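Single-letter residue listing:
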Amino acid sequence: MKVNKNIFVYTLLGCLLATSQLFAQEQYQDYFKVKASPDTTKIRIGEPIRVALTAKVMIYALKGANLKVVFPNLPDSLNHIEIVERTQIDTTGSNEQQKLFKQIVTLTSFDSGRWEMPPMKFEVFSVTDGSYDSVFTEPFFIDVNTVAVDTTKAFKPIKELRSVGWNILDYWPYLLACLALSAAIVLYFVFWHKKRKPAVAAAPVKPAKPPYQLAMEQLELLEKEKTWNSDVKLYYTQLTDILRQYFEQQFHIAALEQTSAELMQNIKPVTVLNQQRDKLQTILTVADLAKFAKLQPSPQEHEDCLRKAIAVVEWTKPSAVATEQPAPNSTNS
Amino acid sequence: MENTSYDIKQLNEKIHQASSFVDILNMEINKVIVGQKYMVERLMIGLLAQGHVLLEGVPGLAKTLSIKSLSSAINARFSRIQFTPDLLPADVVGTMIYNQQKNEFVVRRGPIFANFILADEINRAPAKVQSALLEAMQERQVTIGDTTFKLDEPFLVLATQNPIEQEGTYTLPEAQVDRFMMKVVIGYPTKEEERHIIRQNLQPEGSVKINPVVDPQDILEARKLVRQVYMDEKIEQYIIDIVFATRNPEDYKLGKLKPLISYGGSPRASINLALASKAYAFMKRRGYVIPEDVRSICFDVMRHRIGLTYEAEAENVTSENILSEILNAVEVP
């Protein structure tokens, strides 16, 4: 009886072990599942079928769970079936226990009949230990039907062109382009106008002070500063610049861009200025020598040139220009 | 300033004395050349500043006679090369010829071995002949076979170009034209001058003989003095402004010139403008340069150094027009 009891216990243990082994095997066999699910299997010629290809991998079965799934490489055309579109592989359904890969493949067929979509091969690689496995999907059939034609009836004439009603939404790109162009034109004119404005405003360039007043103030300042004590060249440069600016503003002679000789030539038509040409000649000659020939005029000459410059400006002040009546004894000093 | 101890007064006196030959030379040349003072003056500037001159003018304006008279008055050797399409570099610089008696090759010097060269109608010869001459002008030496020969000083090349009959000519490239210090455009003489020319050529005594009045050594001494002529930094700045205005006119409120200029003056333009200004001041018997000197020779130094665009040519804008605009816009120091 004891022997029978032992046999029973060993048999029971053996059964339990075998069951758990089988369960484990089954579990490991199911760790990689693939499926091809068409949304329909009956279409008319040219109608699309959306086939969802899914691959599910149980992570616990793979060491490290660092895996790579390769989806079937479908050709563009196979067995009367055309592959129209493939979406990107979607992995949004994955979690800690499993990885889910999904791709939608759109198929169609232009041949009527019953066509088989063959099994599609999925592959899984474990990057961690280099193990490899492959699984095939179940094949499925697609029934492609032609459109039923009633041959008993006569052919119908070709339908006339249908006119489509005017809809503003049909023309929105053109309207948008027109609006953008109009806006660009308006903006261009606004900016152009703005840009031109200062040029128009700059044309008269009237100094805040009358040229005579400005020149006299600058000459007085020069006298006060006595620049000749420190830098003779600078003094004569300032002196001639004041006179040249004054001539430019008062008589519209481009004196700043003219040499001394040219200036003496160009003052000839301006009677009131020409009357002072001897004084001006002296100033310009001494200034040129001081500026370009390192001449050191005497202190007497510095002041003499300044006096002459003041006399020229005084003589040619606007009232004198207006009357143009030269005084005979005031031309030269 | 580079040397503040520079004694301008002393230099001025020295130059006043040394430049006296200019008047004598002018008087002697004027015995045969009627009018064309401008051209003779430019030839003298070229001679004193060691710069070659490109003359542009119709035939019969006494170009050859001028340079011939100048060389006679300086007691220098003169040679004339008529440039033709079949001219070879060896015809200009010389070549090695075989001496049968001595059984060896000997050097036969070309016409370039003279003090004054008249390269007549330089644009009629092909590029390789032009470059052979221009290379000799630049280097002031010629290599024939294995031997290099220094050209005699003073060495002045006067090249002529005919502005008409452009068919079958080889226009000088910009890089080659740049080697000429000045491009002088010669005009017709006045009515009075033309009357003198007729009378002078028809007088029964025949043509007037030019006597040597200056020694080449005097010219070489004068050249040294020309380089000593004082140029103030204000004048240097003025020269730089003019040259830069040809490159970037928009910086000088001359934006309207930008589309008309394809390229502006090179640094060689600045050097030559400064040197020619010094030579001009020397001829005016001054030891320092004034803005008038720069302006007087500016057109001749700069006109061939400004590249015109197609737009400028279409609007008949010349380099002289551009230079006038620049000189009227750049402030004189």
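Attention in this report is confined to the structure presented alongside it. Everything numeric here is computed off the predicted structure, so don't read it as measured data.

The next subject is the interface of chain B and chain A. The interface of chain B with chain A comprises 17 residues on the first partner and eleven residues on the second. Those elements giving two or more residues to the side of chain B that touches chain A turn out to be helix 10 (233–247), helix 12 (291–302) and helix 14 (319–329) of chain B. Per-element accounting of the side of chain B that touches chain A gives the leading share, three residues, to helix 12 of chain B. Taken together, the residues that form the side of chain B that touches chain A break down as eleven nonpolar, one polar and five charged.

What follows deals with the sheet that holds strand 2 (residues 78–82) of chain B. Residue and element names in this part refer to chain B. What the five strands build is an open sheet, ordered 2-5-8-1-9; its pairing is parallel. Among the strands making up the open sheet, the edge pair consists of strand 2 and strand 9 (182–185). Averaged over all pairs of adjacent strands, the angle between strand axes in this sheet comes to 20°, irrespective of strand direction. As defined by bridge partners, strand 1 (residues 53–56) adjoins strand 9 across four bridges and the pair is classed as parallel. Looking at the pairing, E56 lines up with V185 of strand 9. Of the strands in this sheet, strand 1, strand 8 (156–161) and strand 9 are in contact with helix 3 (residues 37–49), which crosses strand 9 at around 170°. Here helix 4 (residues 63–74) sits on the sheet and contacts strand 1, strand 2, strand 5 (116–120) and strand 8; the angle it forms with strand 5, its principal contact strand, is near 170°.

Residues and elements named next belong to chain A. Along the chain, the position of A309 falls in helix 8 (residues 299–315). For the pair A309 and L219, spaced 90 residues apart in the sequence, the C-alpha separation amounts to 8.0 Å. Beyond its immediate stretch of four places on either side in the chain, A309 contacts L219, L239, L243 and I283.

Turning next to helix 9 (residues 216–228) of chain B. With 13 residues, helix 9 of chain B should cover 18 Å at 1.5 Å per step; its first-to-last C-alpha distance of 19 Å lies within 8% of that length. Elements in contact with the buried residues of helix 9 of chain B: helix 1 (8–18), helix 3, helix 4 and helix 11 (267–283) of chain B.

All names here are of chain B. Look at helix 6 (residues 127–139): 18 Å from first C-alpha to last across 13 residues, which is about the 18 Å you get at 1.5 Å a residue. Where the residues of helix 6 are buried, they touch helix 5 (89–93), strand 5, strand 6 (141–144), strand 8 and helix 7 (174–177). Phi for R140, located one or two positions after helix 6, is positive at around 60°.

On to the pairing of strand 4 (residues 104–109) of chain B, then. Each regular strand shows side chains that alternate between the opposite faces of the sheet. Residues and elements named next belong to chain B. When you tally the buried positions in strand 4, you get zero out of six residues, a small fraction of the element. Where strand 3 (residues 94–99) meets strand 4, six bridges bridge the pair, whose relative direction is antiparallel. Across the sheet, residue G94 finds its bridge partner in strand 4, namely R109. Here strand 3 hands over to strand 4 after four residues, with N103 in that stretch at a positive phi of 60°.

So, on to the packing of helix 1 of chain B against helix 9 of chain B. Residue and element names in this part refer to chain B. Direction vectors running N to C along helix 1 and helix 9 enclose 150°, while the axes themselves pass 11 Å from each other. On the basis of their axis angle, the class for helix 1 and helix 9 is roughly antiparallel. Taken as a pair, helix 1 and helix 9 cross one another with a handedness that is left-handed. In contact with L11, K14, I15 and A18 of helix 1, helix 9 contributes E221, A222, L225 and Q228. Residues that form the contact of helix 1 with helix 9 fall into these classes: five nonpolar, one polar and two charged.

Reading the values: the criteria
Residues numbered from 1 in each chain as written. Chains lettered and ligands numbered in written order. Predicted model: local features only at pLDDT ≥ 70, side-chain atom pairs only at ≥ 80, totals over all residues. Contact = placed C-beta atoms within 7 Å. Helix = DSSP H or I, 4+ residues; strand = E, 2+ residues; numbered from the N terminus. Nonpolar A, V, L, I, M, F, W, Y, C, P; charged D, E, K, R; others polar. Pairing = 2+ DSSP bridges. Axes fitted to C-alpha atoms, helices over the stretch in contact; angles between N-to-C directions. Expected span 1.5 Å × (residues − 1). Buried ≥ 20, exposed ≤ 12 C-beta atoms within 10 Å, placed from the backbone. Parallel < 35°, antiparallel > 145°, perpendicular 65-115°, else oblique. Left-handed = near helix turned anticlockwise from the far one by under 90°.

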